[in-house]
Amino acid sequence: MTTTAHDALSLVPVIGLTGGIGSGKSTAAAVFRSLGVPVVDADAISRALTGPGAEGSLAVARRFGDDFLDENRAMNRARMRELVFSNPAARRELEALLHPLIGRDVLRAFASLSPDTPYAVFDCPLLLENKTWRGFVSRILVIDLAKEASIERVVRRSGLAPETVRSILRSQLPRRARLDAADDVVYNGSTPEALADRIKLLHKIYGGK
Ligand code: ADP
């Protein structure tokens, strides 16, 4: 029997956690984890599926050729990024290969939660850009930060060039649209401690223990 979003959601409410790059999603997810909340991480699932010899990597090799695998038979992310950046059709094909696998594993993770879990978090950077991911959640929490502050933090975290971060931000939903879609918003322009306090407050509102 296949598990649908509805089956999974009827067990445990799922809060979708999202925000632009550098807004502080991972930092917020870590606070939820520290409070004992199960966090399903879309990026981690995607990375596992495209790791050495994994199902997604093999699907990529079948469709795009072995050149898109590295020496460990993991998807060669840099090569794939280069291809899909300049080729929207290839991007759609890649998504058509990987999204069903990611969706399946996300739903499995939700379905494996104990039914007495008060709520779970789905950490998903592109939650609002993708209808399927959005359908998995019962509420949307946006971590919000102004563009310049996001760029500054990502540059500090990763050493990426500011222009690269700007182009990633441009490929994501605009800040305004994200705020419009949110049920809850945490502005992360202050300290990490202030962010943690706001998450702890939401944890209580969400019914956490
Ligand atoms: P995202 O997952 O949304 O891309 P992160 O949680 O990784 O963002 O945060 C981006 C960077 O900013 C990280 O290095 C993180 O440690 C740092 N950071 C997060 N929140 C704050 C804050 N309130 N003040 C200063 N730095 C922060």
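Report follows, based on the coordinates. (Residues numbered from 1 in each chain as written. Predicted model: local features only at pLDDT ≥ 70, side-chain atom pairs only at ≥ 80, totals over all residues. Heavy atoms only, no water.)

## Considering the site of the ligand
Working step 1: Neighbouring residues of the ligand: 14 residues in total, closest Gly22, Ser26, Thr27, Arg157 and Asn188.
Working step 2: In the model, a nitrogen atom of the ligand is placed 2.8 Å from a nitrogen or oxygen of the asparagine 188 side chain.
Working step 3: Between the ligand and the protein, one listed contact pairs a nitrogen atom with a backbone N or O atom of threonine 191 at 3.5 Å.
Working step 4: In the complex, the protein chains occlude 78% of the 560 Å² of accessible area that the ligand would expose alone.
Working step 5: Counting atoms within 2 Å of the grid points, the majority share of the ligand lands in the largest pocket.
Working step 6: Elements with a contribution of two residues or more to the shell around the ligand: helix H2 (25–34) and helix H8 (147–158).
Working step 7: Considering each element in turn, the shell around the ligand owes the most residues, three residues, to H2.
Working step 8: Tallied by class, the residues present in the shell around the ligand amount to two nonpolar, nine polar and three charged. (Near = heavy atom within 4 Å. Polar contact = N/O pair within 3.5 Å; in protein donor to acceptor, adjacent residues only side chain to side chain. Areas by Shrake-Rupley, 256 points an atom, 1.4 Å probe, with all protein chains shown as cover. 1 Å grid on protein atoms, 1.4 Å probe; cavity = no way out; pocket = protein on both sides within 12 Å on 5 of 7 lines; lining within 4 Å. Sits in = over half its atoms within 2 Å of the grid points. Helix = DSSP H or I, 4+ residues; strand = E, 2+ residues; numbered from the N terminus. Nonpolar A, V, L, I, M, F, W, Y, C, P; charged D, E, K, R; others polar.)

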